[in-house]
Amino acid sequence: MKIGLTGGIGSGKSYVCKYLEQHGIEVFDCDTAAKVLMRYAPDIRRQLTELIGPDAYNADGSLNKAVVAQFLLSSPTNAKAIDAIVHPAVFDSFEVSGFDWMESAILFESGAYKLVDKVVAVVAPQEVRIQRVMQRDNITREKALDWMNRQMNQDEVASKADFVVINDGETDLENQIIKIIEQCNKQF
């Protein structure tokens, strides 16, 4: 059974992934895979350079994040064009990875949910998420809210998921995850 793990910024997806890995469940990280592919996959590098221009990559071969971000944020059309290059490559990487679990902040938006049998959404109260993001990234409350508002609404993500993990710092996280694993194992 393939399982997708998703949730908005500050929800604690990474924390849940670390918990799973400590218990022998490896999780494919779509964000990390995208970064590796964008840097090292020749076909993706070529396509991004053709799309964005020669400044898409620095002289050392690393992605010019400022140029790419400016292009990406300048229009929804540009974002879709980058997604059309990167997402299929990430999906292919997951399918050949041998992993049963996938973590993606944009599981529904990217279409990655089509690659999994079940979806787990990690949720947390908005104020908890804001504080986590502000502390982790050393940013203002306004910037954290801006990032949150660019993502799918947490309630919508939860309504589309098969399982919801409440990661508010108070609810027993371990028990929730164990129950999900047990239910998935029964269905498999």
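Residues numbered from 1 in each chain as written. Predicted model: local features only at pLDDT ≥ 70, side-chain atom pairs only at ≥ 80, totals over all residues. Heavy atoms only, no water.

(A) How the structure looks around the packing of helix α4 (residues 65-74) against helix α5 (residues 76-97). At a minimum axis separation of 5 Å, α4 and α5 run at an interaxial angle of 120 degrees. Taken together, the axes of α4 and α5 lie oblique to each other. Of α5, the residues touching α4 (which contributes Val 68, Phe 71, Leu 72 and Ser 74) are Asn 78, Ala 79 and Ile 82. Tallied by class, residues from the contact of α4 with α5 come to 5 nonpolar, 2 polar and no charged. (Axes fitted to C-alpha atoms, helices over the stretch in contact; angles between N-to-C directions. Helix = DSSP H or I, 4+ residues; strand = E, 2+ residues; numbered from the N terminus. Parallel < 35°, antiparallel > 145°, perpendicular 65-115°, else oblique. Contact = heavy atoms within 4.5 Å. Nonpolar A, V, L, I, M, F, W, Y, C, P; charged D, E, K, R; others polar.)

(B) A look at the sheet that holds strand β5 (residues 163-166). Strand order in the open sheet formed by 5 strands is β2-β3-β1-β4-β5, and the pairing between neighbours is parallel. Of all the strands in the sheet, just β2 (27-29) and β5 have a single pairing partner and so form its edges. Along the sheet, successive strands turn relative to each other by an average axial angle of 25 degrees, direction set aside. Here strand β1 (residues 3-6) pairs with strand β4 (residues 118-123) via 4 bridges, running parallel. Looking at β4, one finds that Thr 6 is bridged to Ala 121. (Pairing = 2+ DSSP bridges.)

(C) Molecular detail of unusual backbone geometry. You will see that Asn 138, though not glycine, has its phi angle at about 55 degrees, which is positive. When you line up the elements, Asn 138 lands in the loop between α7 (126-137) and α8 (141-149).

(D) Layout of the pattern of salt bridges. Enumeration over the complete set of coordinates arrives at 8 salt bridges. Here Arg 46 ties to Asp 43 by a salt bridge, and the two come within 2.4 Å at their closest N and O atoms. In this pair, Arg 46 and Asp 43 are both assigned in helix α3 (residues 42-52), 3 residues apart and thus about one turn of the helix distant. Between Asp 146 and Arg 150 there is a salt bridge; the shortest N-O distance is 3.4 Å. (Salt bridge = Lys/Arg side-chain N within 4 Å of Asp/Glu carboxyl O.)

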